[in-house]
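A structural walkthrough
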Amino acid sequence: MISSLRGTVLQASDGLAVIDVGGVGYAVQVTPDHARSLRVGEETTVHTSMVVRQESVALFGFPAREHLGVFESLIGVSGVGPKSALGVLAALSPDEIALAVASDDDGAFRKVSGIGPKTAKLIVVSLTGKLFAPAKPVQNVTQIPRSDVSDSVVIALVGLGWAEKTATDVVRELVDEHPEPERDTVQSLLRLALSRLGPTARQQA
């Protein structure tokens, strides 16, 4: 298993990078943005996932481990292949993917080429509770009205198995108790709610 490569960039074009490691050139499939960030002749480190299929072996590379982790979570979803997962990461950052999952926003995934409505919904359902964005806000989070943040967190909690009334009551309590900015984003309020409810406190609706 090849989990990372460190070497000289021999080639970088849309969707492909070739990294020279000890005289061996490794072809790595990357997102277009990642390819544009690489410079031929310069040294780089790429975090990789090796996907072995009956007919092929392919390396998929990422600039950071958080991208790699999201990629491996995505290919674990039924119906999402490595190329589709790479396409999701080409269109959305790890933070945006985590936010879409927490907000039950399958529309964010339907915009990605090759991801249909059923697969988009399955991504949200399968990854709920598995992806959490860092505490730092992403660019569009501050544009979400506070009422929508609360509603999104309630939806996420219900999707994780808590009863709607339990989720609503906890979110209302947290909004009253915690000042901004601790509760002004979906991911921060969701973290507080999960901490309050505890991992074993699920209640079926």
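Okay, so let's go over this structure. (Residues numbered from 1 in each chain as written. Predicted model: local features only at pLDDT ≥ 70, side-chain atom pairs only at ≥ 80, totals over all residues. Heavy atoms only, no water.)

With that out of the way, let us pick up the sheet that holds strand β5 (residues 57-62). Spatial ordering of the closed barrel is given by β1-β2-β3-β5-β4, a layout of five strands whose pairing is mixed. Neighbour to neighbour, the strand axes of the sheet diverge by 55° on average, direction disregarded. Strands in contact with helix α2 (residues 65-74) are β4 (43-52) and β5; relative to β4, the strand with the most contacts, it is inclined by about 10°. Its contacts with the sheet place helix α3 (residues 82-91) against β3 (24-29), β4 and β5, and it is angled at close to 15° to β5. (Pairing = 2+ DSSP bridges. Helix = DSSP H or I, 4+ residues; strand = E, 2+ residues; numbered from the N terminus. Axes fitted to C-alpha atoms, helices over the stretch in contact; angles between N-to-C directions. Contact = heavy atoms within 4.5 Å.)

Both strand β1 (residues 4-13) and β4 contribute to a ladder of five bridges, which runs antiparallel. For Arg6, the partnering residue across the bridge sits in β4 and is Thr45. Relative to strand β2 (residues 16-21), β1 is paired through five bridges, and the arrangement is antiparallel. Note that in β2 the partner of Ala12 across the bridge is Ala17. In textbook terms, the turn of a hairpin is the stretch between consecutive antiparallel strands, and for β1 and β2 this stretch comprises two residues, one of which, Gly15, has a positive phi near 85°.

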